[in-house]
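Letter by letter, the chains look like this.
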Amino acid sequence: KAGVTQTPRYLIKTRGQQVTLSCSPISGHRSVSWYQQTPGQGLQFLFEYFSETQRNKGNFPGRFSGRQFSNSRSEMNVSTLELGDSALYLCASSAGAKTRDSPLHFGNGTRLTVT
Amino acid sequence: GDSVTQMEGPVTLSEEAFLTINCTYTATGYPSLFWYVQYPGEGLQLLLKATKADDKGSNKGFEATYRKETTSFHLEKGSVQVSDSAVYFCALSDLNDMRFGAGTRLTVKP
């Protein structure tokens, strides 16, 4: 079974640009979550989607948005990029509706560098 | 709200040494507890989990026991290998959210 796939693996953008990251979950998984990982802040939850609906959202500005398609694939978009948005963005999928017993399966992430 | 606190690193050990990484949690309900591991250049992988008090999760020689009385889920391994060098994250999950600790970097030297 293929794992969670994130594309692209690396991105370099300049301040003010926008970026779209893509995530394909494990086949059959309907929940997709996004996390931002930085050395200073650790893992921070961005948002979670289940069956094309955003179920949960972290404490990030409106420049960060996402969506999920009917095939469970998900994208996240960051507009008006800032230097502080440089991070590893991780996508994770899970089999259930984010129940307490469903572990997350992570992709290898997209490394975004904003210059 | 719910939170996870794990021991700060980095931790450096010699091969075959005993490993303990402390993790404590705060939760209002009855969460599930997890340990994830992140190898360089990769995403997080589930290492082990426990879903109720006194459960012991184990995998690849690692163990952790869900202790409700001390709200802890410490990770242990009797004999570490160089290949165990990675960042380890403790996490808890309730019905709505999964929260991660800050991560502990482990380096094992031959």
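Notes on the structure follow. Every value quoted in this text rests on a predicted model; they were computed, and no experiment measured them. (Residues numbered from 1 in each chain as written. Chains lettered and ligands numbered in written order. Predicted model: local features only at pLDDT ≥ 70, side-chain atom pairs only at ≥ 80, totals over all residues. Heavy atoms only, no water.)

### Here's the deal with the side chain of His29 of chain A
Residues and elements named next belong to chain A.
- By secondary structure assignment, the location of His29 is in the loop between strand 3 (19-24) and strand 4 (31-38).
- Side-chain polar atoms of His29 contact the side chain of Ser93, separated by 2.8 Å.
- Discounting residues that sit within four places of it in the chain, His29 has contacts with Ser72, Ser93, Ser94, Ala95 and His105. (Helix = DSSP H or I, 4+ residues; strand = E, 2+ residues; numbered from the N terminus. Polar contact = N/O pair within 3.5 Å; in protein donor to acceptor, adjacent residues only side chain to side chain. Contact = heavy atoms within 4.5 Å.)

### Comments concerning the pairing of strand 7 (residues 56-59) of chain B
Residue and element names in this part refer to chain B.
- Of the strand pairs in this sheet, strand 7 and strand 8 (residues 62-65) are connected by four bridges, and their pairing is antiparallel. Considered in strand 8, the bridge of Asn59 is made with Phe62.
- Hairpin geometry of strand 7 and strand 8 is characterised by an intervening segment of two residues between the two adjacent antiparallel strands and by a positive phi of about 55° at Lys60. (Pairing = 2+ DSSP bridges.)

### Some details on the packing of aromatic side chains
Residue and element names in this part refer to chain B.
- Inspection of the entire model under this criterion finds 11 aromatic pairs over all chains.
- Residues Tyr25 and Tyr66 carry aromatic rings whose centres are separated by 6.0 Å and whose planes lie at 75° to one another, so their mutual orientation is edge-to-face. With Tyr25 in strand 4 (residues 23-26) and Tyr66 in the loop between strand 8 and strand 9 (75-77), the pair connects residues that are 41 residues apart, well separated along the chain.
- Owing to a relative accessible area of 3%, Tyr66 belongs among the buried residues under this scheme. (Phe/Tyr/Trp six-rings, centres within 6.5 Å; stacked < 30°, edge-to-face > 60°. Buried < 20%, exposed > 50% of the residue type's maximum accessible area, 1.4 Å probe, protein only.)

### Concerning the interface of chain B and chain A
- The interface of chain B with chain A comprises 21 residues on the first partner and 17 residues on the second.
- When residues of the side of chain B that touches chain A are traced back to their parent elements, those giving at least two are strand 5 (32-38), strand 6 (44-50), strand 10 (86-93) and strand 11 (98-100) of chain B.
- Broken down by element, the side of chain B that touches chain A gets its largest block of residues, four residues, from strand 5 of chain B.
- For the side of chain B that touches chain A, the residue count by class is 10 nonpolar, seven polar and four charged. (Nonpolar A, V, L, I, M, F, W, Y, C, P; charged D, E, K, R; others polar.)

### Examining the sheet that holds strand 1 (residues 5-7) of chain A
Residue and element names in this part refer to chain A.
- Spatially, the four strands line up as an open sheet ordered 1-3-8-7, and their pairing is antiparallel. Only two strands of the sheet have a single neighbouring strand rather than two, namely strand 1 and strand 7 (64-68). Geometrically, the sheet is characterised by an average inter-axis angle of 15° between neighbouring strands, direction not taken into account.
- Here five bridges tie strand 7 to strand 8 (residues 74-78), and the two strands are oriented antiparallel to one another. Residue Ser65 lies in a different strand from strand 8, and its bridge partner there is Asn77. (Axes fitted to C-alpha atoms, helices over the stretch in contact; angles between N-to-C directions.)

Function cannot be read off these values alone, since they describe shape.
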